[in-house]
Amino acid sequence: MGLHDQYGLTPVVNARGTFTPLGVSRSTDQVAAATAEALSGFFVMEELKDLACRTIVEVLGGEAGTVVHCASAANTLAVAATMTGTSQARIAALPDAAGMPTTVLLPAGHAVDYGHPIVQDIRLAGATPLLAGSDAGCSVDELEEHLVRPDVACLLLVSSRLTRGQDVPLTEAVAAAHRRQVPVIIDGAGQDLRIDELLGTGADLVVVSAQKYLASPTAGLVIGRAGLVRAVRAQEKGIGRAMKPSKEAIFGVVAALRARREMDRPAWRREQDAKVARFTVRAGRLPGISAASVQDPAGLPFSRVRLGIDPARAGLTAAGLALALRNGSPQIWVMDHDQDQGDLTLELVPLTDAELDLILSRLAESLPGR
Ligand SMILES: *Cc1c(COP(=O)(O)O)cnc(C)c1O
């Protein structure tokens with residue numbers, strides 16, 4: 001008997017992407033087994049962190065890497081590292097940041113809300129966010145104007161489809177900060193598949209979520225310069241205590257990273273494209289629905305299904321159809337951006353063929369025209 005039956009929980013089909021309120025991702029049996037095995041053992045935690053560091057460097061790159069509770073925690077602890085270095089006195093004092101650099105600069109359009117505002121990750125370290133430019137965009141010159149302030153601890157950039165306005169050229173922004181000796185953190189929480197590009201910008205630290213496309217237990221990875229990663233690890237004696245990784249999460253991360261190393265990326269990509277293409281053909285036959293494959297706007301290496309809903313022929317608006325899918329059993333969740341423009345977007349990456357069949361039949365049943 002599955003957990004849903006055992007505890008009377010709502011069954012869900014997640015076409016919404018790596019969405020935290022739905023449990024984010026599906027781990028493989030291999031990752032689940034490594035995680036389960038860790039639970040019944042004792043370990044020298046420092047050795048586990050060294051193992052994680054070696055595995056991160058080998059599979060994802062960077063000089064060093066570490067694991068913390070989640071990407072949100074990783075943002076806070078990466079900011080803290082730029083404020084304290086490895087000074088025990090400073091680490092023990094946070095979030096009281098008296099005498100430390102406290103300004104964290106970010107482009108206004110990068111002040112994203114991924115379920116809570118990212119600026120709160122900054123404030124949790126005792127720092128103060130300073131937004132440059134506007135929601136429409138932020139030029140490198142506008143960033144540079146603020147980089148002269150002596151109290152700037154770091155520049156925080158976000159690589160996500162959630163950013164607003166004109167794209168900020170990440171490599172140029174990093175170079176501008178480095179001209180002023182300001183370290184740069186990139187929050188690429190959902191972008192572990194693009195880690196080479198993110199590290200290639202020259203950023204000092206890159207943050208990714210291990211439970212998104214890497215599909216391990218919940219954890220945040222901080223990857224980059226060895227000295228700063230050491231300073232992130234050192235936060236454990238301070239605010240990082242409340243953000244520590246569990247032993248089982250570290251083993252899950254290591255297993256997921258090893259699987260990533262073995263992954264045949266071109267084959268994976270072909271598989272994703274074929275899945276989206278098959279779904280698109282079938283969905284496009286439904287009355288009032290046009291279906292297309294769309295690439296991820298932030299450069300992730302897979303496509304999603306975009307359903308255009310013609311309310312006159314479908315008998316429902318995009319929002320109405322999303323609601324009908326959500327209100328059935330199992331609940332079917334789709335991405336909710338662009339609904340007001342008449343579109344529904346579905347991410348298929350973790351879904352089985354049986355789940356795709358179910359979505360298609362529920363789409364058909366939901367259209368009153370039938
Ligand atoms: C998901 C996400 C986070 C938070 O990740 P958690 O691991 O859930 O804390 C942070 N930043 C961005 C841009 C995200 O998309």
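Residue numbers restart at each chain and count upward from 1, following the sequence in its written direction. It should be noted that, the model being predicted, local features are given only for residues of pLDDT at least 70 and side-chain atom pairs only at 80 or more, the latter also being counted only at that level, while totals for whole chains, interfaces and linings use all residues. With hydrogens and water excluded, all non-hydrogen atoms of the structure serve as input to the side-chain values.

### Brief notes about the overall build of the protein
- Helical segments are the DSSP runs of H or I of at least four residues, strand segments are the runs of E of at least two, and each set is numbered from the N terminus. Looking only at helices and strands, one finds 15 helices and 12 strands in the protein.
- Taking 370 residues into account, the globule formula puts the C-alpha radius of gyration at 21 Å, and the protein, at 22 Å, falls close to it.
- Oriented by its inertia axes, the alpha-carbon framework of the protein measures out at about 70 × 50 × 35 Å.
- Expressed as a percentage of its 370 residues, the buried residues of the protein come to 53%.
- Of all intrachain contacts in the protein linking residues separated by at least 6 positions in sequence, the fraction that spans at least 24 positions is 71%. Here the radius of gyration uses the C-alpha set of atoms, whereas the globule reference equals 2.2 Å times the residue count to the power 0.38. Accessible area is worked out with a 1.4 Å probe on protein chains only. A residue is then buried under 20% of its type maximum, exposed over 50%, and partly exposed in between. Any two residues whose heavy atoms approach within 4.5 Å are treated as being in contact.

### Description of the domain arrangement of the protein
- An automatic or database domain assignment provides the domain bounds reported here. Segmenting the protein into domains produces domain 1 (29-262) and domain 2 (264-366).
- The C-alpha-based centres of domain 1 and domain 2 are spaced at 32 Å.
- Each partner contributes residues to the interface: domain 1 has nine residues there, and domain 2 has 14 residues.
- By definition, the buried area sums, over both parts, the 1.4 Å-probe accessible area that each loses when the two are put together. The contact between domain 1 and domain 2 buries some 870 Å² in all, and 58% of this surface belongs to carbon and sulfur atoms.
- Salt bridges are identified by distance alone: a Lys or Arg side-chain nitrogen within 4 Å of an Asp or Glu carboxyl oxygen. At the junction of domain 1 with domain 2, the criterion picks out zero salt bridges.
- For the purposes of these results, a polar contact is taken to be a pair of N or O atoms within 3.5 Å, where, inside protein, one atom must be able to donate a hydrogen and its partner to accept one; residues adjacent in sequence count only when each atom of the pair is a side-chain atom. Counting across the domain 1 and domain 2 interface gives four residue pairs in polar contact (both at pLDDT 80 or more).

### A short note on the site of the ligand
- Nearness of a residue to a molecule or strand requires only that one of the residue's heavy atoms be within 4 Å of it. Taken together, Cys70, Ala71, Ser72, Tyr114, Ser160, Asp187, Ala189, Ser209, Gln211 and Lys212 make up the full set of residues adjacent to the ligand.
- Within the backbone of alanine 71, a nitrogen or oxygen atom sits 2.8 Å from an oxygen atom of the ligand.
- In this structure, serine 72 approaches the ligand through a main-chain N or O atom, which is 2.8 Å from an oxygen atom.
- Surface accessibility follows the Shrake-Rupley procedure with a 1.4 Å probe radius. Residue values consider only the protein chains on display as shielding. In the complex, the protein chains occlude 91% of the 380 Å² of accessible area that the ligand would expose alone.
- Of the grid points, spaced at 1 Å and generated over the protein atoms alone, those admitting a 1.4 Å probe that cannot get out make up cavities, while open sets with protein on both sides within 12 Å along at least five of seven lines make up pockets; any residue with an atom within 4 Å of a point is treated as lining. Put plainly, a molecule is in a cavity or pocket when over half of its atoms are within 2 Å of the grid points there. More than half of the atoms belonging to the ligand lie within 2 Å of the grid points that define the largest pocket.
- Looking at side-chain class alone, the shell around the ligand contains four nonpolar, four polar and two charged residues. Note on residue categories: nonpolar means Ala, Val, Leu, Ile, Met, Phe, Trp, Tyr, Cys or Pro, charged means Asp, Glu, Lys or Arg, and polar means any other residue, Gly included.

### Quick word on the pairing of strand S6 (residues 184-187)
- With burial as the criterion, each face of S6 is covered, one bearing Val184 and Ile186 and the other bearing Ile185 and Asp187.
- Look down the strands so they point away from you; if the path from the first strand over the helix to the second goes clockwise, the crossover is right-handed. Considered for its hand, the β-α-β crossover made up of strand S5 (residues 152-158), helix H8 (residues 170-179) and S6 is right-handed.
- Should DSSP find at least two bridges between two strands, the strands are taken to pair. Examined bridge by bridge, S6 and strand S7 (residues 205-209) share three bridges and lie parallel to one another. Note that in S7 the partner of isoleucine 186 across the bridge is valine 206.
- Each parallel crossover has a hand, and for S6 linked through helix H9 (residues 195-200) to S7 it is right-handed.

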